[in-house]
Amino acid sequence: MRNAPSDDTAGGTNRRRFLGSSLALGAALAGGLAGHVNAGEENSGGSRPPLRKARNPICLSTYSIWRFQEGLKMPIEKCIPLAADRGFDGLEILHVQMESYEPAHLRKLKRLSLEYGVPLAGMSTHQGFINADAEVRKKNVEHTNLCVDQAYEMGIPTIRVNTGRWGTTKTFDELMAARGVEPTPEGRTDEDAFAWAIDSLRECVSHAESRGVVLALENHWGLSRTPEAILRIVDAIDSPWLQILLDTGNFLEDPYDELEKIAPKACFVQAKTYYGGGTWYTLDLDYPRIAKILADADYRGWISLEFEGKEDYRTAIPKSLAMLREAFRS
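Presented here is a report on the structure given in the accompanying data block.

## What to know about the overall build of the protein chain
Then comes step 1: On a plain count of helices and strands, the protein chain comes out with 12 helices and eight strands.
Then comes step 2: Within the span of the protein chain, comprising 330 residues, buried residues form 53% of the whole.

## Points about the environment of Leu201
Then comes step 1: Secondary-structure assignment places Leu201 in helix H8 (residues 190-211).
Then comes step 2: With 61 residues separating them along the chain, Leu201 and Asn140 place their C-alpha atoms 9.9 Å apart.
Then comes step 3: Aside from chain neighbours lying at most four places away, what touches Leu201 is Phe129, Val161, Leu217, Ile233 and Ile237.

## Section: the sheet that holds strand S1 (residues 58-61)
Then comes step 1: One closed barrel accounts for eight strands, arranged S1-S2-S3-S4-S5-S6-S7-S8; its pairing is parallel. Between one strand axis and the next, the sheet turns through 30° on average, direction left out of account.
Then comes step 2: With two bridges joining them, strand S3 (residues 120-124) and strand S4 (residues 158-161) adopt parallel strand pairing. Of the residues in S4, the one forming a bridge with Met123 is Ile159.
Then comes step 3: The sheet strands contacting helix H4 (residues 76-85) are S1, strand S2 (90-94) and S3, and the helix crosses S2 at an angle near 155°.

## Re H8
Then comes step 1: For H8, with 22 residues, the first-to-last C-alpha span of 31 Å sits near the 32 Å given by 1.5 Å per residue.
Then comes step 2: Three or more residues of H8 are buried, namely Ala193, Phe194, Trp196, Ala197, Ile198, Ser200, Leu201, Cys204, Val205, His207 and Ala208.
Then comes step 3: Positive phi appears at Gly212, one or two residues downstream of H8, with a value of about 70°.

## Some remarks on the pattern of salt bridges
Then comes step 1: Within the structure shown, the criterion is met by 19 salt bridges.
Then comes step 2: One salt bridge in this structure joins Asp89 and Arg325, with 2.9 Å as the shortest N-O distance. With a gap of 236 residues between them, Asp89 in the loop between H4 and S2 and Arg325 in helix H12 (residues 313-327) connect regions that are remote in the sequence.
Then comes step 3: The network of salt bridges with shared partners includes Arg55, Asp89 and Arg325.

## What about the packing of helix H9 (residues 227-237) against helix H10 (residues 255-262)?
Then comes step 1: For the pair H9 and H10, interaxial distance at closest approach is 9 Å and the crossing angle is 10°. Judged by the angle between their axes, H9 and H10 are roughly parallel. In contact with Pro227, Glu228, Ile230 and Leu231 of H9, H10 contributes Glu258, Lys261 and Ile262.

## Some details on unusual backbone geometry
Then comes step 1: A positive phi is found at Asp254, a non-glycine position, where the angle reads about 50°.
Then comes step 2: Mapped onto the secondary structure, Asp254 falls in the loop between strand S6 (242-247) and H10.

## Focus on the pairing of S1
Then comes step 1: The alternating pattern of S1 places Ile58 and Leu60 on one face and Cys59 and Ser61 on the opposite face, and all of these are buried.
Then comes step 2: Pairing analysis gives three bridges linking S1 to strand S8 (residues 303-307), with the strands arranged parallel. By the bridge assignment, Cys59 is partnered in S8 with Ser304.

## Some details on the pairing of S6
Along any regular strand, the residues point their side chains to alternate faces of the sheet.
Then comes step 1: Counting buried residues along S6, six of its six residues qualify, which places the element largely inside the surrounding structure.
Then comes step 2: Here four bridges tie strand S5 (residues 214-218) to S6, and the two strands are oriented parallel to one another. Pairing of Leu215 across the sheet is with Leu242, part of S6.
Then comes step 3: Running through H9, the crossover from S5 to the neighbouring parallel element S6 is right-handed.
Then comes step 4: Looking at chain direction, S6 and strand S7 (residues 266-273) are connected through four bridges and run parallel.

## Comments concerning the nonpolar core
Then comes step 1: Counting residues in hydrophobic clusters, the biggest one holds 99 residues, and the most contacted among them are Leu91 and Ile93.
Then comes step 2: By residue number, the principal contributor to this core is H8, which donates nine residues.
Then comes step 3: Apart from residues no more than four positions distant in its own chain, Leu91 is found in contact with Cys59, Leu60, Thr62, Ile76, Cys79, Ile80, Ala83, Val118, Pro119, Leu120, Ala121 and Gly122.

## A look at the packing of aromatic side chains
When we look at a pair of aromatic rings, we describe it by the centre distance and by the angle of the planes.
Then comes step 1: All told, the structure shown has three aromatic pairs when counted by the stated rule.
Then comes step 2: Summarising the aromatic geometry, the rings of Trp221 and Tyr281 are spaced 6.3 Å apart at their centres and angled 85° between planes, so their arrangement reads as edge-to-face. One end of the pair, Trp221, is in the loop between S5 and H9; the other, Tyr281, is in the loop between S7 and helix H11 (287-296), with 60 residues separating them in the sequence. By the burial criterion, Trp221 is buried, and Tyr281 matches it.
Then comes step 3: Look at Tyr281 and you get buried, because its relative accessible area is 10%.
Then comes step 4: Put simply, the rings of Trp221, Tyr274 and Tyr281 touch in pairs and so form one group of aromatic residues.
Then comes step 5: The side chain of Arg232 reaches across the aromatic face of Phe194, ending 4.0 Å from its centre.
Then comes step 6: Taking the ring centre of Tyr313 as reference, the NZ or CZ of Arg314 above it sits at 5.6 Å.

## Brief notes about the packing of H8 against H9
Then comes step 1: Packing of H8 against H9 brings their axes to within 10 Å, and their N-to-C directions diverge by 45°. Classed by the angle they form, the pair H8 and H9 counts as oblique. Classified by chirality, the crossing of H9 by H8 is right-handed. Contacts from Glu191, Phe194, Ile198, Leu201, Arg202 and Val205 of H8 reach H9 at Ala229, Arg232, Ile233, Ala236 and Ile237.
Then comes step 2: Broken down by class, the residue content of the contact of H8 with H9 amounts to eight nonpolar, no polar and three charged.

What counts as what
Residues numbered from 1 in each chain as written. Predicted model: local features only at pLDDT ≥ 70, side-chain atom pairs only at ≥ 80, totals over all residues. Heavy atoms only, no water. Helix = DSSP H or I, 4+ residues; strand = E, 2+ residues; numbered from the N terminus. Buried < 20%, exposed > 50% of the residue type's maximum accessible area, 1.4 Å probe, protein only. Contact = heavy atoms within 4.5 Å. Pairing = 2+ DSSP bridges. Axes fitted to C-alpha atoms, helices over the stretch in contact; angles between N-to-C directions. Expected span 1.5 Å × (residues − 1). Salt bridge = Lys/Arg side-chain N within 4 Å of Asp/Glu carboxyl O. Parallel < 35°, antiparallel > 145°, perpendicular 65-115°, else oblique. Right-handed = clockwise from strand over helix to strand, strands pointing away. Core = buried A, V, L, I, M, F, W, Y, C linked by side-chain atoms within 4.5 Å. Phe/Tyr/Trp six-rings, centres within 6.5 Å; stacked < 30°, edge-to-face > 60°. Lys NZ or Arg CZ within 6 Å of the ring centre and 35° of its normal. Left-handed = near helix turned anticlockwise from the far one by under 90°. Nonpolar A, V, L, I, M, F, W, Y, C, P; charged D, E, K, R; others polar.

Set out below in structure tokens:
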């Protein structure tokens, strides 16, 4: 998502059990519940037959249509039927793509999602906590909490959050040319940034818990650019209401090893495709391999398509969905 990025311990296992129960409704609506076995049911060999595992439901991120390109900012109320007609199981909303945040509009989107059978699976929001000014950080906490309230109003179980970045690289194009790395301001260190991000997110987590909305910290540009950094933040807060949003396209070197490190704590996945070539870069991602990494981590949640190529979305999105269905079919 454009903006401007363990070990499965007992705590991580508890979080996954928590998320499995709190997010099960959306996955059930989209992909169907896994088959169940009666307590006394046995097969001819005298053992219980294995449980059937439901496939990962696949939703469409509204970012796939817009991609911050001129003339493509489609209203969310039109994205909902488009996702339904293209065969997606749900929709992920890009917050800045919304035309209104008024309660009546939020309730309208919730109603439309029911009418079209397309659950609102997630919402990607934008914030930045890497700032020496406490007032700036406070405003970003307030903005994030407002986004939590909006997600709650629409029945969305999770929102994407970012740490933010230093801002020493002035444009996103410059940041991408530098492979997502930007210089630290003179007189500051990453330790400052970690402290600000952890303290700010801890405030947001408290509000998110009161609304029943899980915050999903994305491996994104800036402070959360590496697996070690994002795990440091999530582990420091140590709450089931802050997990990881795994973006398949935001590790530019050795992506599979890095994705494997954060997969055990993922509660949402954004899957990048680049048909027609990427705007800033193109990754040749092996999705069967990624699907196995997620399956090995017992990830059963949403896969959200983020098409980020130059091809017309009307042809690229169906191809992307077919490819993801094939990769995650088992």
